[in-house]
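Descriptive analysis of the structure
This is what each chain is made of:
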Amino acid sequence: MPLEGTALDALREAIRDPYLNAIHVSILRHQKPLESPSNTSSVCFCQREFLSSGLEHLTAEEQELLASHADLMAQLHRQYWLQCAEPDP
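Residues numbered from 1 in each chain as written. Predicted model: local features only at pLDDT ≥ 70, side-chain atom pairs only at ≥ 80, totals over all residues. Heavy atoms only, no water.

**Brief notes about the confidence of the model for the protein**
Per-chain confidence: the protein averages 82 in pLDDT, with 81% of residues scoring 70 or above. Ranking the elements of the protein by mean pLDDT puts helix α3 (residues 37–53) last, at 77, and helix α2 (residues 18–29) first, at 94. (pLDDT = per-residue confidence, 0-100. Helix = DSSP H or I, 4+ residues; strand = E, 2+ residues; numbered from the N terminus.)

As structure tokens, then:
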């Protein structure tokens, strides 16, 4: 089941907001890394799902997986703003 209300909004803001993203990424980088070979494919899947369908289509566990990876959060922030900067066709 996906995160509801404030938790989902917080994750969305942690991806979108430059200051919140920088703080979140900094905190994650000072913690013990959670990435292991067993969850690398899961992280890639979650990233693709988020970019194609949005956070609402990810489970709470998948959303937490995204939020727990510093490099991925920084990359999602960049991708979010690059998509916003693209002109409409």
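**Structural notes on the packing of α2 against helix α5 (residues 70–85)**
Two numbers describe how α2 lies on α5: the axes approach to 8 Å, and their chain directions differ by 165°. The pairing of α2 with α5 is recorded here as roughly antiparallel in orientation. Like other packed secondary-structure pairs, α2 and α5 cross with a definite hand, here left-handed. Of the residues in α5, those in contact with Pro18, Asn21, His24, Val25, Leu28 and Arg29 of α2 are Ala70, Asp71, Met73, Ala74 and His77. For the contact of α2 with α5, the per-class residue count stands at six nonpolar, three polar and two charged. (Axes fitted to C-alpha atoms, helices over the stretch in contact; angles between N-to-C directions. Parallel < 35°, antiparallel > 145°, perpendicular 65-115°, else oblique. Left-handed = near helix turned anticlockwise from the far one by under 90°. Contact = heavy atoms within 4.5 Å. Nonpolar A, V, L, I, M, F, W, Y, C, P; charged D, E, K, R; others polar.)

**With respect to the side chain of Asn21**
Within the secondary structure, Asn21 sits in helix α2. Judged by relative accessible area, Asn21 falls into the buried class, the value being 5%. Of note is the side chain of Asn21, whose polar atom sits 3.1 Å from the backbone oxygen of Met73. (Buried < 20%, exposed > 50% of the residue type's maximum accessible area, 1.4 Å probe, protein only. Polar contact = N/O pair within 3.5 Å; in protein donor to acceptor, adjacent residues only side chain to side chain.)

**A few points about the packing of aromatic side chains**
With the rule as written, the count across this model stands at one aromatic pair. Aromatic pair Tyr80 and Trp81: ring centres 5.1 Å apart, planes at 90°, arrangement edge-to-face. On the basis of relative accessibility, which here comes to 27%, the residue Tyr80 falls in the partly exposed class. Taking the relative accessible area as the measure of exposure, Trp81 reaches 36% and is therefore partly exposed. (Phe/Tyr/Trp six-rings, centres within 6.5 Å; stacked < 30°, edge-to-face > 60°.)

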